[in-house]
Amino acid sequence: MANNIEVKELLDAGVHFGHLTRRWDPNMAPYIYMERNGIHIINLYKTAAKIDEAGEALKKIAASGRKILFVATKKQAKEIVAEKASKANQPYITERWPGGMLTNFVTIRKAVKKMASIDRMKKDGTFNTLSKKERLQVDRLRAKLEKNLGSISDMTRLPGALFVVDITREHIAVKEAQKLNIPIFAMVDTNSDPRQVQYVIPANDDASKSIDKVMTYVSDAVIEGLSERKATKEAPKKDAPKKDAKAEAPAKVETPAKVEATVEAPTTEAAKQEEE
């Protein structure tokens, strides 16, 4: 994956632009290249290395079958993250982070099941038996649940990892993941503390071009991991017919007549040896 990450592409996307120097977090010092016009410039060579490191880890998580939950509620990131996560068939949160999303996952699952039950009501005709007012209330509830939880309806268990755009804004999500020891991957700007996450990608998390560029690399790594998982699953199926054929061979031989023949053969040979 390292060969696919071009520093020039990161530069063109503006990934190197940090925040004003007065708003910086000193813990980001190792990732800062220089200061220009009162703005910190991020070292893109370190960014490329960190994207590669994060990509390999995400690929392994995806290949293991665990889900990666993408979180980005800021305006310039919402549509990009939703698109890239959907492409990689992963859950995402782009509206307000529902408190207890991870730490109180059982309650969140109940809300998702409620959404599924409303859908069943509409299919089996129960919905039509309700009064006009009740139907309106149910529709509003369904729309609200869809907006907040629609993208995680297929997530039946806690995610294997969290990918966050802007850890300062999504601090609640980060705290919940930390509490449950869920690995955190994140785009971290110069105004944030990188010690909060396990896989830091130092990058401009405010510009849509920058977010799109990093998310492209990340989603491609996840898709690659899913492809490896699919290939591993299909491999045994191809070998299965050969194994079945070998397994069936002894079954065909074991007929009564042939069993008797195999029993008689040694006695005949023994008799010949006695004659000699």
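Residues numbered from 1 in each chain as written. Predicted model: local features only at pLDDT ≥ 70, side-chain atom pairs only at ≥ 80, totals over all residues. Heavy atoms only, no water.

### Considerations on the overall build of the chain
From N to C terminus, the chain includes eight helices and eight strands. For the chain, the proportion of its 276 residues judged to be buried stands at 39%. For the chain, the share of sequence-separated contacts (at least 6 apart) that also reach a separation of at least 24 residues comes to 64%. (Helix = DSSP H or I, 4+ residues; strand = E, 2+ residues; numbered from the N terminus. Buried < 20%, exposed > 50% of the residue type's maximum accessible area, 1.4 Å probe, protein only. Contact = heavy atoms within 4.5 Å.)

### Quick look at the nonpolar core
Ranked by internal contacts, the top residues of the largest apolar core, which has 35 residues, are L10, I68, F70, F163, V165, F185 and I201. Where this core is concerned, the elements lending two or more residues are helix 2 (44–63), strand 4 (68–71), helix 3 (75–87), strand 6 (161–165), strand 7 (184–188) and helix 7 (208–253). Examining the composition of this core, we find that eight residues originate from one element, helix 2, more than from any other. With 29 residues, the next largest nonpolar core counts I152, M155, A186 and V188 among its residues. (Core = buried A, V, L, I, M, F, W, Y, C linked by side-chain atoms within 4.5 Å.)

### Overview of helix 4 (residues 105–124)
The end-to-end C-alpha distance of helix 4, which contains 20 residues, comes to 29 Å, matching closely the 28 Å that a straight helix rising 1.5 Å per residue would cover. Looking at the buried residues of helix 4, the elements they touch are helix 5 (132–149). Once helix 4 finishes, G125 follows within two positions and takes phi at roughly 90°, a positive value. (Expected span 1.5 Å × (residues − 1).)

### Things to note about unusual backbone geometry
Located in the positive-phi region is N37, a residue other than glycine, with phi close to 50°. Positionally, N37 belongs in the loop between strand 2 (32–36) and strand 3 (39–42). The backbone phi angle of D166 is positive, close to 75°, even though this residue is not glycine. With respect to the element layout, D166 can be found in the loop between strand 6 and helix 6 (171–179). You can call D166 buried: its relative accessible area is 9%.

### Description of the sheet that holds strand 4
Spatial ordering of the open sheet is given by 5-4-6-7-8, a layout of five strands whose pairing is parallel. Single-partner strands in this sheet number two, and they are strand 5 (92–93) and strand 8 (199–202). Alignment of strand 6 against strand 7, held across four bridges, turns out to be parallel. When the sheet's bridge partners are listed, V164 is paired in strand 7 with A186. (Pairing = 2+ DSSP bridges.)

### Looking at helix 5
Here helix 5 is 18 residues long and its end C-alpha atoms lie 25 Å apart, about the 26 Å a rise of 1.5 Å per residue gives. In this structure, the buried residues of helix 5 make contact with helix 4.

### Focus on the pattern of salt bridges
One pass over the structure, following the stated rule, counts 16 salt bridges. Measuring nitrogen to oxygen at the nearest pair gives 2.8 Å for the salt bridge that ties D166 to K74. Here the residue D166 occupies a position in the loop between strand 6 and helix 6, and K74 occupies one in the loop between strand 4 and helix 3, the gap between them amounting to 92 residues. Overall, the relative accessible area of 5% leaves K74 in the buried class. Taking the shortest distance from any N to any O, the salt bridge between D193 and R195 comes out at 3.0 Å. A single network of salt bridges, built from pairs that share partners, joins E56, K59, E224 and E228. (Salt bridge = Lys/Arg side-chain N within 4 Å of Asp/Glu carboxyl O.)

### Looking at the environment of N27
Inspection of the secondary structure puts N27 in the loop between strand 1 (17–20) and strand 2. For N27, a relative accessible area of 28% puts it in the partly exposed group. Expressed as a C-alpha distance, the spacing of N27 and R195, which sit 168 residues apart in the sequence, is 7.6 Å. Dropping the residues within four chain positions of it, N27 is found in contact with D193, P194 and R195. Side chain to side chain, N27 and D193 meet in a polar contact 3.4 Å long. (Polar contact = N/O pair within 3.5 Å; in protein donor to acceptor, adjacent residues only side chain to side chain.)

### Things to note about the sheet that holds strand 3
Hydrogen bonds along the backbone pair up the strands of a sheet, which may run parallel or antiparallel. Across the sheet, which stays open at both edges, the three strands sit in the order 1-3-2 with antiparallel pairing between neighbours. The open sheet has two free edges, formed respectively by strand 1 and strand 2, since each of these has just one partner strand. Across the sheet, the axes of successive neighbouring strands diverge by a mean angle of 30°, strand direction being ignored. Pairing analysis gives four bridges linking strand 2 to strand 3, with the strands arranged antiparallel. Within strand 3, the position partnered with I32 by the bridge is I42. (Axes fitted to C-alpha atoms, helices over the stretch in contact; angles between N-to-C directions.)

### Some points on the side chain of T94
Considering the arrangement of structural elements, one finds T94 in the loop between strand 5 and helix 4. Under the relative-accessibility criterion, T94 is labelled buried at 12%. Other than its neighbours up to four places away in sequence, T94 contacts A72, T73, K78, V81 and A82.

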